[in-house]
Amino acid sequence: MLENRKAVIFDLDGTLVDSMWMWREIDIEFLSGKGIVIPEDIQDFQDELEGMGFTETAVFFKKRFRIPDSIEDIKNTWILMAEDKYSTQVPLKPGAGELLDMLKKRNFQIGISSSNSTELIRTVLEAHEIEDYFGCITTCCQVPAGKPAPDVYLETAKGLGIAPEDCLVFEDVPMGILAGKRAGMKVCAVDDKFSRNQEKEKRKLADWYIQDYYEVLRECL
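Summarised in this report is the structure supplied together with it. In this text, all values refer to a predicted model and were calculated from it rather than measured experimentally.

## Topic: the packing of aromatic side chains
Next up, step 1: Going through the model one piece at a time under the given rule, you end up with 14 aromatic pairs.
Next up, step 2: Taking 6.1 Å as the distance between ring centres and 70 degrees as the angle between the ring planes, the aromatic pair formed by Phe30 and Phe61 counts as edge-to-face. Placement of Phe30 in helix α1 (residues 20-33) and of Phe61 in helix α3 (residues 54-65) is noted, with a sequence separation of 31 residues between them.
Next up, step 3: Between Phe170 and Tyr213, the aromatic rings sit 5.2 Å apart at their centres with planes inclined by 80 degrees, giving edge-to-face as the arrangement. Here Phe170 is found in strand β4 (residues 167-171), whereas its partner Tyr213 is found in the loop between β6 (208-210) and α10 (214-219), with 43 residues between them in sequence.
Next up, step 4: Under the relative-accessibility criterion, Phe170 is labelled buried at 0%.
Next up, step 5: On the accessibility criterion, Tyr213 (1% relative accessible area) is buried.
Next up, step 6: Linked through ring pairs, Trp23, Phe30, Phe45, Phe54, Phe60, Phe61, Phe65, Trp78 and Tyr86 together constitute an aromatic cluster.
Next up, step 7: The lysine or arginine in question, Lys104, covers the ring of Tyr133, its NZ or CZ lying 5.3 Å from the ring centre.

Structure below.
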């Protein structure tokens, strides 16, 4: 899948790092702390948030639950709640570190296109000492539209100086896969516990599907 590619762009949560469990906990803790009834099916609720940027998600929460806090206050609260977890409890997905090493040695450009905040992306990259691998990091808050629009992937490709058709994307959810495909890129879907109910759709949308990054490394031997 890396043949004829010049750049690899990763989504962050659920793709490069195993962090989706954490956001479920934060959603529950945040809403409970404000005396708000948790949505009966938390999985369906989180699926509804799929692809939204950090600011867009805050706007959604504020309107959906009639939260009086400002958008910036909601975002800052989430950042404070997540920082420690990203620093100490969120691991890389299996094989991710080894794949980054291999890509760097083979002179691939590497980027991140994420719906998360810049602050939290930096926090988890620094925790794993991998921030220097990435030539461009773009969030959905920096572009006109979040996933499934292609904007965030196109902006990262632009920042890396690589044509979209020469990029490979790794993604864990359908909205992200669609964003990569709409950007004109090849997309590999990554297995994740929290999107396993969407596996059939992920396989249909993506060019490849992997259980972990060791599959990619074995292909490159």
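## Considerations on unusual backbone geometry
Next up, step 1: Note the cis peptide between Lys147 and Pro148, where omega equals 20 degrees.
Next up, step 2: Here Pro148 shows up in the loop between β3 (136-139) and α7 (151-160).
Next up, step 3: With a phi close to 65 degrees, Asn107 is a non-glycine residue in the positive phi region.
Next up, step 4: Mapping Asn107 onto the fold places it in the loop between α5 (96-105) and β2 (109-114).
Next up, step 5: A relative accessible area of 65% places Asn107 in the exposed class.
Next up, step 6: In this model, Glu129 sits at a positive phi of 55 degrees, which is unusual for a non-glycine residue.
Next up, step 7: Take Glu129: its relative accessible area is 69%, and that puts it in the exposed class.

## Overview of the packing of α1 against helix α4 (residues 71-88)
Next up, step 1: For the pair α1 and α4, the least separation of the axes is 11 Å and the interaxial angle reads 135 degrees. When the axes of α1 and α4 are compared, the pair comes out oblique. α4 is crossed by α1, and the crossing has right-handed handedness. On α4, the residues touching Trp21, Met22, Trp23, Glu25, Ile26, Glu29 and Phe30 of α1 are Ile74, Thr77, Trp78, Met81, Ala82, Lys85 and Tyr86.

## Observations concerning the side chain of Ser113
Next up, step 1: Mapped onto the secondary structure, Ser113 falls in strand β2.
Next up, step 2: Residue Ser113 is classed as buried on the basis of its relative accessible area of 0%.
Next up, step 3: Side chain to side chain, Ser113 and Thr156 meet in a polar contact 2.6 Å long.
Next up, step 4: Leave out the neighbours within four places in its chain, and Ser113 touches Ile9, Phe10, Asp11, Leu12, Thr138, Lys147, Val152, Tyr153 and Thr156.

What counts and what doesn't
Residues numbered from 1 in each chain as written. Predicted model: local features only at pLDDT ≥ 70, side-chain atom pairs only at ≥ 80, totals over all residues. Heavy atoms only, no water. Phe/Tyr/Trp six-rings, centres within 6.5 Å; stacked < 30°, edge-to-face > 60°. Helix = DSSP H or I, 4+ residues; strand = E, 2+ residues; numbered from the N terminus. Buried < 20%, exposed > 50% of the residue type's maximum accessible area, 1.4 Å probe, protein only. Lys NZ or Arg CZ within 6 Å of the ring centre and 35° of its normal. Axes fitted to C-alpha atoms, helices over the stretch in contact; angles between N-to-C directions. Parallel < 35°, antiparallel > 145°, perpendicular 65-115°, else oblique. Left-handed = near helix turned anticlockwise from the far one by under 90°. Contact = heavy atoms within 4.5 Å. Polar contact = N/O pair within 3.5 Å; in protein donor to acceptor, adjacent residues only side chain to side chain.

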